[in-house]
Amino acid sequence: MTFKVIKSGFYSTIQDSGRFGLAHHGLSQSGVADEHAYCWANHLLGNDVNDAVLEITFGGCELLALIDTCIVVAGADLGFKVNDKSQHNWQVFAVNKGDTLTWTTPKNGVRAYLAVQDGFQTEQHFNSRSVNLREKVGSLIQVGDDLLTRPSKPCDTGKAMPAWFKLNYQEPLSLRLLASYQFDMFTEQQRHTFFGQTYKIGKASDRTGCRLEGLPIENTPATMVSEGMVYGSVEITTAGFPIILLKDAPTIGGYPKIGTVFSLDLAKLAQRQPGCEVRFEMIDIETAQKLRREFNQFFTS
Amino acid sequence: MFDIKLAGENAIIIYFGDESSPELAEQISFYTEFLHDSLGHLIIDIVPSYTSALITYDLNVVDHQTFCNQVSEALAKAIFVKQDHLSDLIEIPVYYDHEVGLDLERILVEKQLSLPEFIKLHSQPTYLIYTIGFSPAFAFLAEVDKRIRMPRLATPRIQVPAGSVGIADKQTAVYPIDSSGGWNIVGKTPIDLSLNDYDNLKRFMVGYRVKFKPINRQEYIALGGQF
């Protein structure tokens, strides 16, 4: 009861909601880059909110189904096909033993999620199936791998996400930022440089961090003794450029942080590729918590 | 005294002081455990570091302001008790030599020390674990003797081999896995501190003490040391 990996793709890893409770040992949160697509994929299948999926970045991936089961593909449009026939994302789809699933190249967004009934049953590391290459916890999927699944159950074929929930990965992205950490150490003028410009996503961006290019913030505060960092923290390097820390980021660091990006905006950021433009705007803690709580409740109720 | 700041939509950071010191490290270690005991049902992760502790919590059950109040109240009630972590002394064997200590030769010249003198200065102190991070089970140890302190390399190495023992200013550490890094490499432990052995994750805890034990080439090889 598996999916056999025929082509591994550029960067395809198993991820779940992440690894928690071990940050004091230096273990990153890890987990899916786009929580919106991930939660919808599991939701449509009636899975647990923590079930593991395959995160396919950019495409180039081919799998052979060795089981009859139901799947959902969510997130980026990477030209998903079953037996050479194009299929829609965001809906429950029955696959049969012997079917070939392919993802070619990015058409809209960069990360697609393959969810199967009950989630992939790959090896757990510290209570999570999430792979973190920086930490050498797990590895990319390899040609010949068997991605283990559970026996299939009846499913609601055709069940789809209502169209109004669909996000446009092409539209301009404004990241909502909480005034956290060393926000007060940045001067009025430095904040103006930060909020007043449109940044470009740099090439060196990955699951660890999104590096932004633009006008540098001048005379940034000095580096500090290392302290704990959270998902979405925005470090300002000595050269004055922002790095948004993502799921695979280290747990501590010493650059000053101008704020923290709201998590559901990071899900949108996960679908933007290098060269895309982003801006920042403020959000207050009450609004951020309300929005995130509503999101969580929607997928757990 | 402490200062609580916002860190994220479900996170706060508590600053316990401005300057790191062994006393502050012990206090942070104590308060971290105390908060874990008193508010553990709300807490996802606590990351203690040199002067602070980062706490992430479950925003589905408690909001920011309520959580801050609960932390303040808990800390106000806490009475610091110096903990006896001496029983937790961890001994790490290290082979100090040019063939594994990539920066050793340069340091000896710069500091005008013989190899035995250097080994003595690095292996004699008992180091305190101030924080863990950078990579899993990477423990930041301090303080390194003034006579052998070296700043980070101007250009970090792309790959530092697992087991390498490094110095950066007053800190020293062992790299548990192959990783990039800018610390001055002075030796290597034959012990596997990587997550190949899951128990390694819990080998180091903030507040524990570490001592390096010099070993020779034969001992290094006998303990499984690689070149």
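Residues numbered from 1 in each chain as written. Chains lettered and ligands numbered in written order. Predicted model: local features only at pLDDT ≥ 70, side-chain atom pairs only at ≥ 80, totals over all residues. Heavy atoms only, no water.

**Overview of the sheet that holds strand E19 (residues 257–261) of chain A**
All names here are of chain A.
Right, so step 1: Strand order in the closed barrel formed by 7 strands is E12-E19-E16-E17-E14-E13-E20, with mixed pairing between adjacent strands. Recorded for the sheet is a direction-independent mean angle of 40° between the axes of neighbouring strands.
Right, so step 2: Direction of pairing for strand E16 (residues 233–236) relative to E19: antiparallel, over a ladder of 3 bridges. When the bridges of E19 are listed, Val-234 appears paired with Gly-259.
Right, so step 3: Against the sheet, helix H2 (residues 188–195) makes contact with strand E12 (173–178), strand E13 (199–201), E16, strand E17 (242–245), E19 and strand E20 (277–282), and its axis sits at roughly 135° relative to E20, the strand it touches most. (Pairing = 2+ DSSP bridges. Helix = DSSP H or I, 4+ residues; strand = E, 2+ residues; numbered from the N terminus. Axes fitted to C-alpha atoms, helices over the stretch in contact; angles between N-to-C directions. Contact = heavy atoms within 4.5 Å.)

**A short note on helix H2 (residues 64–77) of chain B**
Since the α-helix advances by 3.6 residues per turn, residues separated by three or four positions end up pointing in the same direction.
Residues and elements named next belong to chain B.
Right, so step 1: Under the 1.5 Å per step criterion, the end-to-end length of H2 is 20 Å for 14 residues, consistent within 8% with the ideal 20 Å.
Right, so step 2: The complete set of buried residues in H2 reads His-64, Phe-67, Cys-68, Val-71, Ala-74 and Leu-75. Down the axis of H2, the sector holding all buried residues measures 130°, keeping them to one side. The outward face of H2, more than 90 degrees from its buried face, is lined by the exposed residues Ala-76 and Lys-77. (Expected span 1.5 Å × (residues − 1). Buried < 20%, exposed > 50% of the residue type's maximum accessible area, 1.4 Å probe, protein only. Arc of directions from axis to C-beta.)

**Observations concerning the packing of aromatic side chains**
Right, so step 1: This model, assessed by the stated rule, comprises 33 aromatic pairs over all chains.
Right, so step 2: Taken together, a centroid distance of 6.4 Å and an interplanar angle of 35° make the contact between Tyr-31 of chain B and Phe-80 of chain B tilted. Separated by 49 residues along the polypeptide, Tyr-31 of chain B in helix H1 (residues 22–39) and Phe-80 of chain B in the loop between H2 and strand E5 (89–95) bring together distant segments of the chain.
Right, so step 3: By relative accessible area, Phe-80 of chain B is classed as partly exposed at 31%.
Right, so step 4: Taking 5.7 Å as the distance between ring centres and 55° as the angle between the ring planes, the aromatic pair formed by Tyr-127 of chain B and Phe-212 of chain B counts as tilted. Highlighted residues: Tyr-127 of chain B in strand E6 (residues 127–132) and Phe-212 of chain B in strand E13 (residues 209–215), separated in sequence by 85 residues.
Right, so step 5: What makes Tyr-127 of chain B buried here is its relative accessible area of 0%.
Right, so step 6: Of note, Lys-247 of chain A hangs over the ring of Tyr-231 of chain A, and the distance from its end group to the ring centre comes to 4.7 Å. (Phe/Tyr/Trp six-rings, centres within 6.5 Å; stacked < 30°, edge-to-face > 60°. Lys NZ or Arg CZ within 6 Å of the ring centre and 35° of its normal.)

**Observations concerning the side chain of Thr-189 of chain B**
All names here are of chain B.
Right, so step 1: By the element assignment, Thr-189 lies in the loop between strand E12 (184–188) and E13.
Right, so step 2: At a separation of 2.7 Å, a polar atom in the side chain of Thr-189 contacts the main-chain carbonyl oxygen of Pro-93.
Right, so step 3: Discounting residues that sit within four places of it in the chain, Thr-189 has contacts with Ile-92, Pro-93, Val-94, Gly-163, Val-165, Val-174 and Tyr-220. (Polar contact = N/O pair within 3.5 Å; in protein donor to acceptor, adjacent residues only side chain to side chain.)

**Some words on the domain arrangement of chain B**
Residue and element names in this part refer to chain B.
Right, so step 1: Domain boundaries in chain B define domain 1 (3–79) and domain 2 (89–222).
Right, so step 2: In total, domain 1 and domain 2 occlude about 800 Å² of area from one another, counting both sides; carbon and sulfur atoms represent 56% of this.
Right, so step 3: Three residues stand out in domain 1 for area buried against domain 2, namely Ala-25, Pro-48 and Tyr-50, and they jointly supply 52% of the buried area on that side.
Right, so step 4: Inspection of the region where domain 1 meets domain 2 yields 1 salt bridge.
Right, so step 5: A salt bridge links Arg-209 to Glu-26; its shortest N-O distance comes to 2.9 Å.
Right, so step 6: Summed over the shared surface of domain 1 and domain 2, the number is 4 residue pairs in polar contact (both at pLDDT 80 or more).
Right, so step 7: A per-element tally of the side of domain 1 that touches domain 2 places H1 first, with 4 residues. (Domains from an automatic or database assignment. Buried area = accessible area lost by both parts, 1.4 Å probe. Salt bridge = Lys/Arg side-chain N within 4 Å of Asp/Glu carboxyl O.)

**What to know about the interface of chain B and chain A**
Right, so step 1: Contact with chain B, which involves 42 residues of that partner, is made by 40 residues of chain A.
Right, so step 2: Both sides of the chain B and chain A interface together cover about 3,200 Å² of buried area, and 61% of this is carbon and sulfur.
Right, so step 3: The largest share of the area that chain B buries against chain A comes from Leu-6, Glu-9 and Tyr-198 of chain B, three residues that together contribute 20% of it.
Right, so step 4: Joining chain B to chain A, the criterion identifies 0 salt bridges.
Right, so step 5: Between chain B and chain A we count 19 residue pairs in polar contact (both at pLDDT 80 or more) in total.

**Considerations on the confidence of the model for chain B**
Right, so step 1: Here chain B averages 94 in pLDDT, while 98% of its residues score no lower than 70.
Right, so step 2: With pTM at 0.94, the complex prediction returns an ipTM value of 0.95. (pLDDT = per-residue confidence, 0-100.)

**Focus: H1 of chain B**
All names here are of chain B.
Right, so step 1: Helix length check: H1 (18 residues) gives 26 Å between terminal C-alpha atoms against 26 Å at 1.5 Å per residue, within 8%.
Right, so step 2: Three or more residues of H1 are buried, namely Leu-24, Ala-25, Glu-26, Ile-28, Ser-29, Phe-30, Tyr-31, Thr-32, Leu-35 and Leu-39.
Right, so step 3: In this structure, the buried side of H1 is in contact with strand E2 (11–15), strand E3 (43–48), strand E4 (52–57), H2, E6 and E13.

**Looking at the layout of surface pockets**
Any space left empty among the atoms is revealed by the rolling of a water-sized probe across them.
Right, so step 1: Approximately 1,500 Å³ is the volume attributed to the largest pocket.
Right, so step 2: Every residue lining the largest pocket is counted, 45 residues in all, and those nearest its centre are Pro-250, Gly-253 and Tyr-255 of chain A together with Phe-134 and Arg-152 of chain B.
Right, so step 3: Elements supplying a minimum of two residues to the lining of the largest pocket: strand E14 (209–213), E17 and strand E18 (252–253) of chain A together with strand E7 (139–142), strand E8 (157–160) and strand E11 (179–181) of chain B.
Right, so step 4: At 3 residues, the largest contribution of residues to the lining of the largest pocket is made by E11 of chain B.
Right, so step 5: Across the lining of the largest pocket, the residue classes tally to 22 nonpolar, 14 polar and 9 charged.
Right, so step 6: Estimates place the volume of the second largest pocket at around 1,000 Å³.
Right, so step 7: In this structure, the second largest pocket is lined by 45 residues; those nearest its centre are Ser-17, Phe-20 and Gln-29 of chain A together with Asn-10 and Ile-44 of chain B.
Right, so step 8: Counting residues per element, the ones that place at least two in the lining of the second largest pocket are helix H1 (35–45), E19, helix H3 (263–269) and helix H4 (285–300) of chain A together with E3 and E4 of chain B. (1 Å grid on protein atoms, 1.4 Å probe; cavity = no way out; pocket = protein on both sides within 12 Å on 5 of 7 lines; lining within 4 Å. Points joined across faces, edges and corners; volume = space filled by probe spheres on them. Nonpolar A, V, L, I, M, F, W, Y, C, P; charged D, E, K, R; others polar.)

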